[in-house]
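# Summary of the model geometry
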Amino acid sequence: MENAQKLHREFVRLGGMRNKLKNRMLFILPEIYRSGIFKKYANSIEIYARKFGDIAETTVIKRLRLEKNLENKPCLKAVIEKVGVHKVALVAKL
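Residues numbered from 1 in each chain as written. Predicted model: local features only at pLDDT ≥ 70, side-chain atom pairs only at ≥ 80, totals over all residues. Heavy atoms only, no water.

Time to look at the packing of helix α2 (residues 45-53) against helix α3 (residues 57-67). Between α2 and α3, the least distance of the axes is 9 Å, while the angle of their chain directions is 125 degrees. As far as their axial angle goes, α3 and α2 are oblique. Both α2 and α3 take part in a crossing whose hand is right-handed. On α3, the residues touching Ile-45, Glu-46 and Ala-49 of α2 are Glu-57, Val-60, Ile-61 and Leu-64. Its residues assigned to classes, the contact of α2 with α3 shows 5 nonpolar, no polar and 2 charged. (Axes fitted to C-alpha atoms, helices over the stretch in contact; angles between N-to-C directions. Helix = DSSP H or I, 4+ residues; strand = E, 2+ residues; numbered from the N terminus. Parallel < 35°, antiparallel > 145°, perpendicular 65-115°, else oblique. Left-handed = near helix turned anticlockwise from the far one by under 90°. Contact = heavy atoms within 4.5 Å. Nonpolar A, V, L, I, M, F, W, Y, C, P; charged D, E, K, R; others polar.)

See below:
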């Protein structure tokens, strides 16, 4: 039973790390798009994000559309890294 608990804790820990890393990738995605870095590795930003970050195309589109709503809201933009793009998108237009 102890081994099962260790495996569970490790799985939960890795899942949390995965979320933090994905949120960080979504935070920097607009800069990658603006700089055009992705063109060296893929035909589109959606393909780049899927191939190198395992990020769904719909999430990439949502993140890039959200950027124009966050231009004058740096604090809200910074929260993407902590809570994710979906939660920020709910309040960005308010």
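Our focus in this paragraph is helix α1 (residues 2-35). Taking 1.5 Å of rise per residue, 34 residues should cover 50 Å, and α1 covers 49 Å from first to last C-alpha, within 8% of that figure. A maximum bend of about 40 degrees is found in α1 at Ile-28, where proline Pro-30 lies one to four positions downstream. Close packing links the buried residues of α1 with α2, α3, α4 (74-83) and α5 (85-91). Positive backbone phi, at 80 degrees, marks Gly-36, one or two positions downstream of α1. (Expected span 1.5 Å × (residues − 1). Bend = angle between axes of the 7 residues up to and from the residue.)

Take the packing of α1 against α2 next. Running from amino to carboxyl end, α1 crosses α2 at an angle of 145 degrees, the nearest separation of the two axes being 12 Å. The two elements α1 and α2 cross, and the hand of that crossing is right-handed. Touching Lys-22, Met-25, Leu-29, Ile-32 and Tyr-33 of α1 are Ile-45, Tyr-48, Ala-49 and Gly-53, all from α2.

Right, let's talk about the nonpolar core for a bit. Most often, soluble globular proteins keep nonpolar side chains buried together rather than apart. Ranked by size, the top nonpolar core spans 16 residues in total, and within it Leu-29, Ile-45, Tyr-48, Val-60, Leu-66 and Leu-70 carry the most contacts. Going through the elements one at a time, α1, α2, α3 and α5 are the ones with two or more residues in this core. (Core = buried A, V, L, I, M, F, W, Y, C linked by side-chain atoms within 4.5 Å. Buried < 20%, exposed > 50% of the residue type's maximum accessible area, 1.4 Å probe, protein only.)

The values reported here are purely geometric and, on their own, carry no functional implication.
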